[in-house]
Amino acid sequence: AATTHRLLRTQDGDFMECIIIIYGKAVSLLTNGWMYKAVAALIFFLLQPYVMLFSAFTVLVFLDLFSKFIALSAGWLIETGKFVKPSLFESVRGIAQAHRDRIINSHGMRTQFAEKLIVYLVLVFAGCFADRLIGHTSMAQLAMAYLAGVEFLSIVENLDDAGVSAVHDLAGLI
């Protein structure tokens, strides 16, 4: 890096030499870890049609985690006697204090969340590969639809546990 900066500050005649050195370093970096890069490129190529669904699905999983935090916070607020029936806003505001009081355990949540995400990703990857092998059978979309439905139900149940009355009837329907 120091050599590159020194070359950039030299005369215009040396500028081309600097470009050649930088280009050479960039090309040599492309070949480092080529097997990992090839596998990653293959996976991204196979999953390309599902990237948008994947992104939306990941947001849904994060919303489920956040709704779990809200439910835990609401339960903590009731147990401590701070509120008889906390509102959604009060439950969201109570997340930080519930975390400090170890009601929301970041290690436990990370572990559960990571395991859940890994299992879900494996199922969706399997569906994507089945689609590619069999020929667009919509297995990945079926897996994502089922898992998204499970996540949606979990979010509704978490909000119902938090005392959000607007979802109580919906929880009963699902």
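Please refer to the structure placed before this passage.
About the cut-offs
- Residues numbered from 1 in each chain as written.
- Predicted model: local features only at pLDDT ≥ 70, side-chain atom pairs only at ≥ 80, totals over all residues.
- Heavy atoms only, no water.
- Helix = DSSP H or I, 4+ residues; strand = E, 2+ residues; numbered from the N terminus.
- Rg over C-alpha atoms; globule rule 2.2 N^0.38 Å.
- Buried < 20%, exposed > 50% of the residue type's maximum accessible area, 1.4 Å probe, protein only.
- Areas by Shrake-Rupley, 256 points an atom, 1.4 Å probe, with all protein chains shown as cover.
- Lys, Arg positive; Asp, Glu negative; His and termini not counted.
- Charge placed at Lys NZ, Arg CZ, Asp CG, Glu CD.
- Axes fitted to C-alpha atoms, helices over the stretch in contact; angles between N-to-C directions.
- Parallel < 35°, antiparallel > 145°, perpendicular 65-115°, else oblique.
- Left-handed = near helix turned anticlockwise from the far one by under 90°.
- Contact = heavy atoms within 4.5 Å.
- Nonpolar A, V, L, I, M, F, W, Y, C, P; charged D, E, K, R; others polar.
- Salt bridge = Lys/Arg side-chain N within 4 Å of Asp/Glu carboxyl O.

Chemist: Before we go on, may I ask you to explain the overall build of the chain in this structure?
Modeler: The secondary structure content of the chain amounts to nine helices and zero strands. Shown N-terminal to C-terminal, the secondary structure of the chain runs as helices and strands in the order α-α-α-α-α-α-α-α-α. Relative to the compact-globule value of 16 Å for 174 residues, the chain shows a C-alpha radius of gyration of 25 Å, a clear excess of over 25%. Seen along its three principal axes, the alpha-carbon backbone of the chain occupies a region of about 75 × 50 × 25 Å. A buried classification covers 28% of the 174 residues belonging to the chain. Of the accessible surface of the chain, which amounts to about 11800 Å², a share of 69% is contributed by carbon and sulfur atoms. Side chains of the chain carry 13 positive and 14 negative charges; the gap between the two charge centres is 9 Å.

Chemist: Which parts of the structure should I look at to understand the packing of helix α4 (residues 51-79) against helix α8 (residues 139-161)?
Modeler: The description of two packed helices rests on the angle between their axes and on the distance between the axes. α8 packs onto α4 with a crossing angle of 20° between their chain directions and a minimal axis gap of 8 Å. It follows that α4 is roughly parallel to α8 by the angle criterion. Along this stretch, α4 crosses α8, giving a crossing that reads as left-handed. Between α4 and α8, the residues in contact are Leu53, Phe54, Phe57, Leu60, Val61, Leu63, Asp64, Ser67, Lys68, Ile70 and Ala71 and Gln141, Met144, Leu147, Ala148, Glu151, Ser154, Ile155, Asn158, Leu159 and Asp161, respectively. Of the residues that constitute the contact of α4 with α8, the class distribution is 13 nonpolar, four polar and four charged.

Chemist: It is not clear to me how the pattern of salt bridges should be interpreted in this structure. Could you clarify?
Modeler: Any two side chains of opposite charge can pair if their charged atoms end up close together. In this structure the tally under the stated criterion is two salt bridges. Its salt-bridge partner being Lys116, residue Asp64 comes within 2.4 Å of it at the nearest N-O pair. Of this pair, Asp64 sits in helix α4 while Lys116 is found in helix α7 (residues 106-135), placing the two residues 52 residues apart along the sequence. For Lys116, a relative accessible area of 25% gives the class partly exposed.

Chemist: Just checking my understanding: could you explain the side chain of Ser91 for this structure?
Modeler: Relative to the helices and strands, Ser91 resides in helix α5 (residues 88-93). Residue class for Ser91 comes out buried when judged on its relative accessible area of 1%. Aside from chain neighbours lying at most four places away, what touches Ser91 is Ile70, Ser73, Ala74, Leu77, Pro86 and Ala162.

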